[in-house]
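Chain by chain, the residues run as shown.
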Amino acid sequence: MRVLGLVRRDAGVDELAAIGIHDVVSTEKDGWEETAAAVLDGGSPKAAVDSVGGSSSADLLGLLGEGGTLVSFGAMGSGDLQISSGALIFKDVTVKGFWGSRVSRDMDAAKRSALFGELFERVGSGEVELPVEAVFPFDQAREAAAASAAPGRAGKILLRF
C-alpha cells in the first residue's frame, strides 16, 4: 500500500526521511497541493486519516478520489471538521470517526493480547523506534505538559515515576 504523508511543518519532512519515511509533503507553505499531486502521480487516494481536524479535514477531502473515505480520530488543530458539502456530495465521500479505545474494548481479548504482544516485540527488538524528545521527573509534570504542547517536537514527552 502506498501512503502519502502530510505534515504541518517543513522540518517534519526531513525528520521523517531520516527514519526512512518518504512520500511526505509539508502543508506549511502555499502550493503544497501541487507537490502532493506530483507524489500521487495522477492517482487519487481511496482513504485519508485525519488527526488534526479544522481546515486540514477539507484539505484531505480535496485529495480524496471519488467514493473515498475520510477517517477522523483526533483534533490537534480544531475540534470541528471544516469540510465542503460540495466535495462531500459530488465525490460521494464517506466521513467516519475512529476511537481506538472503543475498538480495543470490543476486540476479542486473545486478539488484543496478540496484537499488543507483537507491538511490544517489535519495539523491544528495535524494529519499531519510538522517538523521545525529553524525559521529565514526575515532580516536573507541569513542565512536561508544556513541552508536550509545544509545536515542532521530534518525539514524545515522557514522565519518569
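The next thing to look at is the environment of Thr-94. Within the secondary structure, Thr-94 is located in strand S5 (residues 94-97). Between the C-alpha atom of Thr-94 and that of Gly-67, which follows or precedes it by 27 residues, the distance is 7.2 Å. Apart from the residues within four sequence positions on either side, Thr-94 is in contact with Gly-68, Thr-69 and Leu-70.

The next point concerns the side chain of Ser-26. Among the secondary structure elements, Ser-26 is positioned in strand S2 (residues 24-26). Residue Ser-26 is classed as buried on the basis of its relative accessible area, which comes to 12%. Here the side chain of Ser-26 touches Asp-10 through a polar contact of 2.6 Å, side chain to side chain. Looking at Ser-26, its side chain comes within polar contact range of the main-chain nitrogen of Glu-28, at 3.1 Å. Excluding its chain neighbours within four sequence positions, the residues that come into contact with Ser-26 are Val-7, Arg-8, Arg-9, Asp-10, Val-13 and Trp-32.

All right, on to helix H3 (residues 55-63) then. Here H3 has its buried residues at Ser-57, Leu-60, Leu-61 and Leu-63. Take H3 and look down its axis: the buried residues cluster within an arc of 160 degrees, on one side only.

In this structure, Asp-41 takes a positive phi of about 50 degrees despite not being glycine. Within the secondary structure, Asp-41 is located in the loop between helix H2 (32-40) and strand S3 (47-50).

In a structure, side chains of opposite charge can pair up when their charged atoms sit close to one another. Throughout the structure, instances matching the rule amount to 6 salt bridges. With a shortest N-O distance of 3.1 Å, Arg-105 and Asp-106 are connected by a salt bridge. A relative accessible area of 59% means that Arg-105 is categorised as exposed. As a salt-bridge pair, Glu-118 and Arg-122 come within 3.0 Å of each other at their nearest N and O atoms. Of this pair, Glu-118 and Arg-122 both sit in helix H6 (residues 109-125), 4 residues apart, which is roughly one turn of that helix. In this structure Arg-122 comes out as partly exposed when scored by relative accessible area, which is 34%. Within the structure, one salt-bridge network assembled from shared partners comprises Glu-118, Arg-122 and Glu-127.

Taken in spatial order, the 3 strands of this open sheet run S3-S4-S5, and their pairing is parallel. In this open sheet, the two edge strands, each paired with only one partner strand, are S3 and S5. Each strand axis lies, on average, 20 degrees off the axis of its neighbour in the sheet, ignoring direction. Pairing geometry for strand S4 (residues 69-72) and S5, over 4 bridges, is parallel. Paired with Leu-70 across the two strands is Val-95, which belongs to S5. Set on the sheet, H3 makes contact with S3 and S4; between it and S3 the angle comes to about 170 degrees.

What counts and how
- Here, residues in each chain are numbered from 1, in the same order as that chain's written sequence.
- Reporting in this predicted model follows two pLDDT cut-offs: at least 70 for local features of residues, and 80 or more for side-chain atom pairs to be given and counted; totals over whole chains, interfaces and linings ignore these cut-offs and use all residues.
- In computing side-chain properties, one takes all heavy atoms of the structure into account and sets aside hydrogens as well as water.
- Each helix is a run of DSSP H or I of at least 4 residues and each strand a run of E of at least 2, with the numbering of both proceeding from the N terminus.
- In what follows, residue pairs with any heavy atoms lying within 4.5 Å of each other are defined as contacts.
- Each residue is assigned to one of three classes by its accessible area relative to the maximum for its type, calculated with a 1.4 Å probe on protein chains only: buried under 20%, partly exposed between the two thresholds, exposed over 50%.
- Polar contacts here mean pairs of N or O atoms no more than 3.5 Å apart (in protein, one a potential hydrogen donor and the other a potential acceptor; neighbouring residues in sequence count only if both atoms are side-chain atoms).
- In this context, the arc is that of the directions from the helix axis out to the C-beta atoms.
- We define a salt bridge as a side-chain nitrogen of Lys or Arg found within 4 Å of a carboxyl oxygen belonging to Asp or Glu.
- A strand pair is defined by DSSP finding two or more bridges across the two strands.
- To get an axis, a line is fitted to the C-alpha atoms, and for a helix only the part in contact is used. The angle between two axes follows their N-to-C directions and goes from 0 to 180 degrees.

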